[in-house]
Amino acid sequence: MTLHLVRDIKDIGRFKEILTVLLQEGLGYYLGKSKLKSHLPWHHRVKPTLPINQLEDQAVRIRKACEKLGPTFVKLGQLLSLRPDLVPHEYSAELEKLQDTVPSFSYSKAKKIIEADLGKPIDKLFKSFEKKPFASASIAQVHKAVLYNGKKVAVKVRRPGIETTINEDLDILFFIAHKLEKHIKKLRRFRPTQVVKEFALWTRRELNLVHEATAATRLKELLKDNDDIIIPFIYKDHSSKRVLTMELIEGVKLDDFTQITKWKVSRKKLANIYFL
């Protein structure tokens, strides 16, 4: 496979930004070995550095770079944290610290997306709609609302422009992974291009909220006889590729041991339910 910078990367400015952040985080050795630093206009001023020997140190630097580079890279780090078969344990453990929390976007933008996708004014779709989201992440943010039948719901709205942002970043990631695999022999066993390919398939699927709605509906049907597990009901007539409306269910995070203890939830029972 032959990749060409101008042909395969649409946003050269973003490409240089990514390389600069990697350099700032002390990963210049890999940029030099993979010939990537030559794409920086001031590459002749970049002094060659030795690789970071401790895996823990490398992992911290990569985690910090992901945080600086935004949604696509945070998502990639989160995927790798779940795949100790692809990266060393030190990497997966450090990347678990990545938090999928980013600033929310305006209510006017959320309203515009909802009305465009669902074909009605927002006040005709919902009896009430909280303008301030109660959760905000890389791909989407979530608002509380009430339907005209009185049901409380959570409305997930995809970030405006996120599809373009992620697709452009994926092109850059493919290019970088190809260079790393081609020029740095010891990285080949980690299969960088295969990792990016798997990540691209996962992320592009996540961008389409219809897939999430379909999976939730199917899971609810499969677990309908299990009283220990509640799957939110999906309101398909209030959902689309960019909007997902589901039953609002209050709860606590699985790793929030303080709240689990406060509500006297049996951890043993919880573990048995979760892993069965």
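None of the values given here were measured: they were computed from a predicted structure.

Rules used in this analysis
Residues numbered from 1 in each chain as written. Predicted model: local features only at pLDDT ≥ 70, side-chain atom pairs only at ≥ 80, totals over all residues. Heavy atoms only, no water. Helix = DSSP H or I, 4+ residues; strand = E, 2+ residues; numbered from the N terminus. Buried < 20%, exposed > 50% of the residue type's maximum accessible area, 1.4 Å probe, protein only. Contact = heavy atoms within 4.5 Å. Patch = residues over 30% accessible without salt bridge, like charges linked within 9 Å, V, L, I, M, F, W, Y side chains within 5 Å. Areas by Shrake-Rupley, 256 points an atom, 1.4 Å probe, with all protein chains shown as cover. Salt bridge = Lys/Arg side-chain N within 4 Å of Asp/Glu carboxyl O. Core = buried A, V, L, I, M, F, W, Y, C linked by side-chain atoms within 4.5 Å.

**Comments concerning the environment of Leu36**
Piece 1. Relative to the helices and strands, Leu36 is located in the loop between α3 (28–33) and α4 (55–69).
Piece 2. Overall, the relative accessible area of 1% leaves Leu36 in the buried class.
Piece 3. Setting aside residues no more than four positions away along its own chain, Leu36 makes contact with Phe15, Leu19, Leu31, Phe175, Ile176 and Lys179.

**Details of a nonpolar patch on the surface**
Piece 1. Taken together, Val252, Trp263 and Val265 make up a surface patch of nonpolar side chains, about 310 Å² in accessible area.
Piece 2. If you trace the backbone, Val265 turns up in the loop between α12 (257–262) and α13 (267–275).
Piece 3. A residue is classified by how much of its surface remains accessible, and Val265, at 38% relative accessible area, is partly exposed.

**What about helix α5 (residues 71–81)?**
Piece 1. Most of α5 sits inside the fold, with 10 of its 11 residues counted as buried.
Piece 2. If you check which residues of α5 are buried, you get Thr72, Phe73, Val74, Lys75, Leu76, Gly77, Gln78, Leu79, Leu80 and Ser81.

**Description of the nonpolar core**
Piece 1. Within the largest apolar cluster, 43 residues are counted, with the highest numbers of intra-cluster contacts made by Phe15, Ile18, Leu19, Tyr30, Leu36, Leu173 and Ile176.
Piece 2. Where this core is concerned, the elements lending two or more residues are α2 (12–24), α3, α4, α5, α6 (89–95), α9 (162–183) and α10 (192–207).
Piece 3. Looking at this core element by element, the count peaks at nine residues for α9.
Piece 4. If we skip the residues at most four places from it in the chain, Leu173 touches Thr72, Phe73, Leu76, Val196 and Phe199.

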